[in-house]
Amino acid sequence: MTQVYCYETELKPNNNSDIIEYFEQYRRKFNEAVRFTWHFYNNQDPLISQKSKLNTLIQNKFNISTRGANSIISYVAGKHRSLLELKKTELRSFQAEISELKKDIEDISIKVNNLARKASSNSLNEKQLKKYRYLKNKMVAMKKRLDRRTNTLPNIKKQIETKKLSLCFGSKALFAHQRLEADHLSWYMDFIEARDSFIYYVGRREEASCNHQCQLIHDKKHNSFKIQLRKEYDYQANDRDKYVYGECYFRYGNKNIQETLSLKNSPISYRILKRGSRYFLQAIITGEKIDAQQGNKVIGV
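Residues numbered from 1 in each chain as written. Predicted model: local features only at pLDDT ≥ 70, side-chain atom pairs only at ≥ 80, totals over all residues. Heavy atoms only, no water.

Visitor: Looking at this model, I keep getting lost on the nonpolar core. Mind explaining?
Guide: In summary, soluble globular proteins display a tendency toward joint burial of nonpolar side chains. Ranked by internal contacts, the top residues of the largest apolar core, which has 56 residues, are Leu216, Phe250, Ile257 and Leu281. A total of 11 residues in this core trace back to one element, the largest contributor, which is helix 1 (residues 13–42). When residues no more than four places from it in sequence are discounted, the contact partners of leucine 281 are Tyr7, Glu8, Thr9, Leu11, Leu216, Ile227, Cys248, Phe250, Tyr270, Arg271 and Ile272. Core analysis: the next-biggest nonpolar cluster, separate from the first, contains 17 residues, Ile98, Ile105, Tyr132 and Leu135 among them. (Core = buried A, V, L, I, M, F, W, Y, C linked by side-chain atoms within 4.5 Å. Buried < 20%, exposed > 50% of the residue type's maximum accessible area, 1.4 Å probe, protein only. Helix = DSSP H or I, 4+ residues; strand = E, 2+ residues; numbered from the N terminus. Contact = heavy atoms within 4.5 Å.)

So, in structure tokens, the structure goes:
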């Protein structure tokens, strides 16, 4: 059984200034290309079944390499697929919750009606009166919740049937927060920072170091990794200016990454992301599921 392992380390500015500079230059274009590609998948455009043509379209529009376009397509296809499965899970969860709410409302309704008959004849003591009021308020709240869930169901079903999913790049919560901000420009800058906060490089087992664009080379002397990151065309000053370099150390997963690079038994995909003023590198490996009871000490983070 396979499982995906994601190992993360911080990119220290002292060792990765060139990578960080390139990340800041390229991340806007990368995420614009992601949003462009998302519309093809979200609208079930026929072009998504002709990936070579879609790849060429992305290359020409954004002046990026074939592998760069492949990374974008791979990320968007995976994102759309995972969100679709999440919607199916959400639908099952809502359906189960609606059934439970109906049952609970029916049970509480019986108790409320019994107490209401006694209340009409002033037969309730103080304790029973408090319980009556509490149950009435609870039933009203449950009915409101039932209405919200029932009204949401058709929208979820429609998204699943059409495969046209609701997604806000940059997060729905942050987008909604704009109404609370007095300074709209300040909110907008925060929003696009969150929206354009990562770059993704899809890996392949057959490629050098399991990834053509972003490569880790193990440094045995320091037990760390040298980073070699291939730049896209618009950021190459000349034919020799193809790469930026850096160095990192993985506190967890170091041994697993070394083994994967040596055995080439899995692709290694990478994600560079920004959180606040700090930068991080994630290495994503698909491997056999680790059974803790068997004493395997590799840690998935």
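After that view, the rundown keeps rolling.
Visitor: Is there a simple way to think about the packing of aromatic side chains in this case?
Guide: Geometry of an aromatic ring pair is reported as the spacing of the ring centres plus the angle between the planes. Under the defined criterion, the tally for this structure stands at 16 aromatic pairs. Relative to tyrosine 279, the ring of phenylalanine 23 lies with its centre 5.7 Å away and its plane at 85°, an arrangement referred to as edge-to-face. Highlighted residues: phenylalanine 23 in helix 1 and tyrosine 279 in strand 7 (residues 278–288), separated in sequence by 256 residues. Tyrosine 279 gets classed as buried once you look at its relative accessible area, which sits at 10%. When the ring of tyrosine 75 is compared with that of phenylalanine 198, the centres are 4.9 Å apart and the planes differ by 50°; the resulting orientation is tilted. You can see tyrosine 75 sitting in helix 3 (residues 66–120) and its partner phenylalanine 198 sitting in strand 2 (residues 198–201), a full 123 residues away along the chain. There is no split in this pair, since tyrosine 75 and phenylalanine 198 are both buried. Of the aromatic side chains, those joined through ring pairs into one cluster are Tyr22, Tyr26, Phe30, Tyr75, Phe198, Tyr200 and Tyr235. The cationic tip of lysine 61 hangs over the ring face of phenylalanine 62; the distance from NZ or CZ to the ring centre is 5.8 Å. Just above the ring of phenylalanine 94 sits the side chain of arginine 149; from NZ or CZ to the centre is 4.4 Å. (Phe/Tyr/Trp six-rings, centres within 6.5 Å; stacked < 30°, edge-to-face > 60°. Lys NZ or Arg CZ within 6 Å of the ring centre and 35° of its normal.)

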